[in-house]
Amino acid sequence: MTASPSLRDPATPLWYGAVVLRWVTLFFALGAILVHLDGYVRPWLAWAAFGCMAFWTVVTTLGYLRPGGRVPLLVVTDVLVTCGIMLTSPFVLSDLQYAELAPLVTTVWAAVPPVAAGARFGGVGGVVAGLAMAVSTAVARMEINLDVARDGVLLTASGLLIGVAAATARRSQAALARAMRTEAATAERERLARSIHDSVLQVLARVRRRGSELGGEAAELARLAGEQEIALRALVTTEPPGTSDNDTADLRSALQLLSTSRVQIAAPAGEVRLPSDAVTELVAATREALSNVDKHAGPSAKAWVLLEDLGEEIVLTIRDDGPGIPQGRLERALAEGHLGVAKSIRGRVTELGGTCTLVTAPGEGTEWELRVPRPRQGRKAR
């Protein structure tokens, strides 16, 4: 995962650290070569390996210091080049130096690729790079002993720790960016709410009161003005129902926008976040249920929408005080090819892996209970 182009990569300090570590370990490798040069079988090869190390240090420095240069290909090549230089050690070190456990040609310079891989790919990438270095160390040593195992553990652990730190930093930056966007949207919404309250809402409220006093056709205008007033108040006082970076949306905010003079919404105080496709389907099912209230329950019927977050399950109840659905009417509608309820409500809930229960009787209103399991973290609804 990479940071947004408009934001600095939060793992940048780790990249700077990798560059500093590479130069420090390069000079350490130079000192090791100077100390053991007289015992080498092929001193010229040792100097050639060091020349490659110096050249590659310059290349990676130029790449890792620039956000655009930290491409996966450079990091993978870094691992391969370091392993290749390390594997020249059997042709440089003498048998006596192997017996004395003299350092390989690359010595601690080989510790940098797991750090770079962790900063670029996260914990998994750091571990893979560390394992690659560990295997190359064992091959260059031509045996597996306690020192080789220790180096392998340290290389793998360093890649893992840097990778976890980089991933955590990027997640924190993404969360901070979302919070800042939400704060900006909230401030803008509050500004609009104040402006609308001082103009549009006051006009609608006056039309509603005056129309109710006049009666007749003005009363109908008053009713419509009242509905628009309620809808506008819900719009400017409700959190925006947009999706977040992890493709989730707030079901509570989306349902609040359905509030009218005849529809009351009851929901938890906090957000009820679900995958955005699940929110879309549940809102559509609720709209269909409320549409049936308008069509079949009469102009005076009222409806109530209750949202409950039970942790592992989301329960959505839509109830009205209309005349109810006569027994057998839904079955006859389905037989006649009218699939509104079956497809728009039951079908949507079933696709989300939930259940749908209808309770109704003549004269007792209608109640829909939609139960949808909350998808596990990292998984979307079915």
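Residues numbered from 1 in each chain as written. Predicted model: local features only at pLDDT ≥ 70, side-chain atom pairs only at ≥ 80, totals over all residues. Heavy atoms only, no water.

**Some points on the overall build of the protein**
Along the protein, the regular secondary structure elements total 13 helices and 7 strands. Of the contacts formed within the protein by residues at least 6 apart in sequence, a portion of 67% connects residues at least 24 apart. Entry remark: accessible area of the protein is about 20600 Å², with carbon and sulfur atoms responsible for 62%. (Helix = DSSP H or I, 4+ residues; strand = E, 2+ residues; numbered from the N terminus. Contact = heavy atoms within 4.5 Å. Areas by Shrake-Rupley, 256 points an atom, 1.4 Å probe, with all protein chains shown as cover.)

**Concerning the pattern of salt bridges**
Tallied over the full model, the rule gives 8 salt bridges. The salt bridge involving Glu281 is made with Arg348; its shortest N-O contact spans 3.0 Å. Of this pair, Glu281 sits in helix H11 (residues 276–296) while Arg348 sits in helix H13 (residues 340–351), and the two are 67 residues apart along the sequence. Residue Arg348 is classed as partly exposed on the basis of its relative accessible area, which comes to 25%. Salt bridges sharing common partners tie together Asp147, Arg150 and Asp151. (Salt bridge = Lys/Arg side-chain N within 4 Å of Asp/Glu carboxyl O. Buried < 20%, exposed > 50% of the residue type's maximum accessible area, 1.4 Å probe, protein only.)

**With respect to the packing of helix H1 (residues 12–36) against helix H5 (residues 112–121)**
Where H1 meets H5, the axes come as close as 10 Å, and the angle between the chain directions of the two elements is 170°. As far as their axial angle goes, H5 and H1 are roughly antiparallel. Contacts between H1 and H5 involve Leu14, Trp15, Ala18, Leu21, Arg22 and Thr25 from the former and Val112, Pro113, Val115, Ala116, Ala119 and Arg120 from the latter. (Axes fitted to C-alpha atoms, helices over the stretch in contact; angles between N-to-C directions. Parallel < 35°, antiparallel > 145°, perpendicular 65-115°, else oblique.)

**What about the packing of aromatic side chains?**
Tallied over the full model, the rule gives 3 aromatic pairs. Look at Trp23 and Phe27: their rings are 6.4 Å apart centre to centre, the planes differ by 35°, and that puts the pair in the tilted class. Taken as a pair, Trp23 and Phe27 lie in helix H1 at a separation of 4 residues, close to a single helical turn. Given the relative accessible area of 56%, Phe27 is considered exposed. (Phe/Tyr/Trp six-rings, centres within 6.5 Å; stacked < 30°, edge-to-face > 60°.)

**Quick notes on the confidence of the model for the protein**
Looking at the protein, pLDDT values average 81 and 82% of them are 70 or higher. Here helix H12 (residues 329–335) stands out as the least confident element of the protein, with mean pLDDT 60; helix H2 (residues 43–64) is the most confident, with 94. A low-confidence stretch, residues 1–6 stays under pLDDT 50, and its non-local contacts, those more than four residues away or across chains, total 7 contacts. Between residues 378–382, whose pLDDT stays under 50, and residues either more than four places distant or in other chains, the model counts 12 contacts. (pLDDT = per-residue confidence, 0-100.)

**What to know about a nonpolar patch on the surface**
Judged by side-chain polarity, Trp23, Phe27, Val58 and Leu62 come together as a nonpolar surface patch covering roughly 400 Å² of accessible area. Counting residues per element, the ones that place at least two in the nonpolar patch are H1 and H2. Note on placement: Val58 falls in helix H2. Residue class for Val58 comes out partly exposed when judged on its relative accessible area of 38%. (Patch = residues over 30% accessible without salt bridge, like charges linked within 9 Å, V, L, I, M, F, W, Y side chains within 5 Å.)

**Some points on the packing of H2 against helix H3 (residues 72–86)**
For the pair H2 and H3, the least separation of the axes is 11 Å and the interaxial angle reads 165°. Viewed along their axes, H2 and H3 adopt a mutual orientation that is roughly antiparallel. Taken as a pair, H2 and H3 cross one another with a handedness that is left-handed. Residues Ala49, Cys52, Met53, Trp56, Val59, Thr60, Gly63 and Tyr64 of H2 lie in contact with H3, whose contacting residues are Leu74, Val75, Thr77, Asp78, Val81 and Ile85. (Left-handed = near helix turned anticlockwise from the far one by under 90°.)

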